[in-house]
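The residues making up each chain are set out below.
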Amino acid sequence: MSAYKEAMDHQRDLDIIQQFERYSLIPEDLQLASFENYLPDHYSKEDALKKCQWFAENFDNLTGFHSLLLKGSYGLGKSHLSHSIANYLKNLGKKIIFIDTPSLLRMIRQSYKDSSFSESDVYRLCAEADLLIMDDIGAEYVKQENGKESWASEILFQIITSRMDKPKVFTTNLSSKELSSKYGTHGGRIVSRMMKGTRLIEMEGKDYRTQAW
Ligand SMILES: Nc1ncnc2c1ncn2[C@@H]1O[C@H](COP(=O)(O)OP(=O)(O)O)[C@@H](O)[C@H]1O
Ligand SMILES: [Mg+2]
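None of the values given here were measured: they were computed from a predicted structure.

Asker: It is not clear to me how the site of ligand 1 should be interpreted in this structure. Could you clarify?
Answerer: Around ligand 1 sit 14 residues in total, of which Asp29, Leu39, Gly75, Lys78 and His80 are the nearest. Taking Leu39, its main chain carries an N or O atom lying 2.8 Å from a nitrogen atom of ligand 1. Within the complex, 92% of the 550 Å² of free accessible area of ligand 1 lies under protein. Per-element accounting of the shell around ligand 1 gives the leading share, three residues, to helix α4 (residues 78-90). Of the residues assigned to the shell around ligand 1, the class counts are five nonpolar, six polar and three charged.

Structure (structure tokens):
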């Protein structure tokens, strides 16, 4: 491949990665999220902070595992910490996709109509990025179809399978059982593939947003 074509392809990938950010519902406060401005007020949050920071700093030399799953109720800082990992690694020039799962599905639906990127671009980048962060997995709407796989679980299965041995960060409010039943007959396989090479980080404590009252 010529250097020119290579540079063009690289730029196109970066443009599509920006589309992921456009689609993602990242509130303004999260844009500035960093390890430095995360203030843990519970030992499980301190533990999560240490592990996420270690993960980011040792990203190129991970052995034994390559992915994280942050689990806990809302407002504990799961999106904050996963976005901090994204910011840290982006600054090192890595290709990072951060998107909340409902928006990822919305983006794929939109790719059928939008001519600036195709469905296969989305899958390819999800598979090829240095890190894929799927925020709030399980928060998306999954239509229950009797005996058949829903569209959403089919897509999630495909994306997770395409990165089985590559770094991922998931965040969720749900337990593995809840996730598994959500995705119907695909459920067990999705959760099992999610957990391959993945360390679980469980978070507890108070909702940061409402702690003033
Ligand atoms: N321990 C913390 N220190 C500083 N800011 C926090 C902390 N926990 C949460 N936040 C902030 O509170 C808001 C909600 O946190 P978020 O990461 O979205 O929670 P979750 O994803 O677990 O529901 C975000 O703006 C986040 O930056
Ligand atoms: Mg969140």
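Asker: Looking at this model, I keep getting lost on the pairing of strand β4 (residues 168-172). Mind explaining?
Answerer: Every other side chain in a regular strand lies on the same face of the sheet, so the side chains alternate between the two faces. Counting buried residues in β4 gives five out of five residues, a clear majority hidden from the surface. Where burial is concerned, the two faces of β4 agree: the one with Lys168, Phe170 and Thr172 and the one with Val169 and Thr171 are both buried. Taken together, the four bridges between strand β1 (residues 67-71) and β4 define a ladder with parallel strand orientation. Looking across to β4, one finds that Leu68 is bridged to Val169.

Asker: Please clarify how the sheet that holds β1 should be interpreted in this entry.
Answerer: Hydrogen bonds between backbone groups are what pair the strands of a sheet, and the pairing can be parallel or antiparallel. In spatial order, the strands read β2-β3-β4-β1-β5; together these five strands make up an open sheet with parallel pairing. Every other strand in the sheet has two partners, leaving β2 (96-100) and β5 (198-202) as the edge strands with one partner each. Mean inter-strand twist for the sheet, computed between neighbouring axes without regard to direction, equals 10°.

Asker: Even after reading the chapter, I still don't get the packing of helix α1 (residues 3-23) against helix α6 (residues 119-128), so can you show me in this structure?
Answerer: Any two packed helices are characterised by the angle at which their axes cross and by the distance between the axes. At a minimum axis separation of 11 Å, α1 and α6 run at an interaxial angle of 95°. With respect to α6, the axis of α1 lies roughly perpendicular. On α6, the residues touching Arg12, Asp13, Ile16, Ile17 and Phe20 of α1 are Asp121, Val122, Arg124, Leu125, Cys126 and Glu128. Residue classes in the contact of α1 with α6 are distributed as six nonpolar, no polar and five charged.

Asker: Just to check I follow, could you spell out helix α3 (residues 43-57) for this structure?
Answerer: Quick reminder: α-helices carry 3.6 residues per turn. Residues three or four places apart thus point the same way. End to end, α3 covers 21 Å across 15 residues, agreeing with the expected 21 Å (1.5 Å per residue, within 8%). Where α3 is concerned, the buried positions are Ser44, Lys45, Ala48, Leu49, Cys52, Phe55 and Ala56. Considered in projection along α3, the buried side chains sweep an arc of 140° and stay on one side of the axis. The exposed set on the far side of α3, more than 90 degrees from its buried face, consists of Tyr43 and Lys50.

Asker: How do you make sense of the pattern of salt bridges when you look at a structure like this?
Answerer: Oppositely charged side chains can form a pair if their charged atoms are brought close together. Throughout the structure, instances matching the rule amount to 11 salt bridges. Put simply, Lys95 and Asp13 hold a salt bridge, and the shortest N to O gap is 3.2 Å. With Lys95 in the loop between α4 and β2 and Asp13 in helix α1, this pair connects stretches of sequence that are 82 residues apart. Notably, a salt bridge pairs Lys196 with Asp165, separated by 2.6 Å at the nearest N-O pair. Highlighted residues: Lys196 in the loop between α9 (187-195) and β5 and Asp165 in the loop between α7 (151-162) and β4, separated in sequence by 31 residues. Overlapping salt bridges bring together Arg12, Asp13, Lys95, Asp121, Arg124 and Glu128 as one network.

Basis of the calculations
Residues numbered from 1 in each chain as written. Chains lettered and ligands numbered in written order. Predicted model: local features only at pLDDT ≥ 70, side-chain atom pairs only at ≥ 80, totals over all residues. Heavy atoms only, no water. Near = heavy atom within 4 Å. Polar contact = N/O pair within 3.5 Å; in protein donor to acceptor, adjacent residues only side chain to side chain. Areas by Shrake-Rupley, 256 points an atom, 1.4 Å probe, with all protein chains shown as cover. Helix = DSSP H or I, 4+ residues; strand = E, 2+ residues; numbered from the N terminus. Nonpolar A, V, L, I, M, F, W, Y, C, P; charged D, E, K, R; others polar. Buried < 20%, exposed > 50% of the residue type's maximum accessible area, 1.4 Å probe, protein only. Pairing = 2+ DSSP bridges. Axes fitted to C-alpha atoms, helices over the stretch in contact; angles between N-to-C directions. Parallel < 35°, antiparallel > 145°, perpendicular 65-115°, else oblique. Contact = heavy atoms within 4.5 Å. Expected span 1.5 Å × (residues − 1). Arc of directions from axis to C-beta. Salt bridge = Lys/Arg side-chain N within 4 Å of Asp/Glu carboxyl O.

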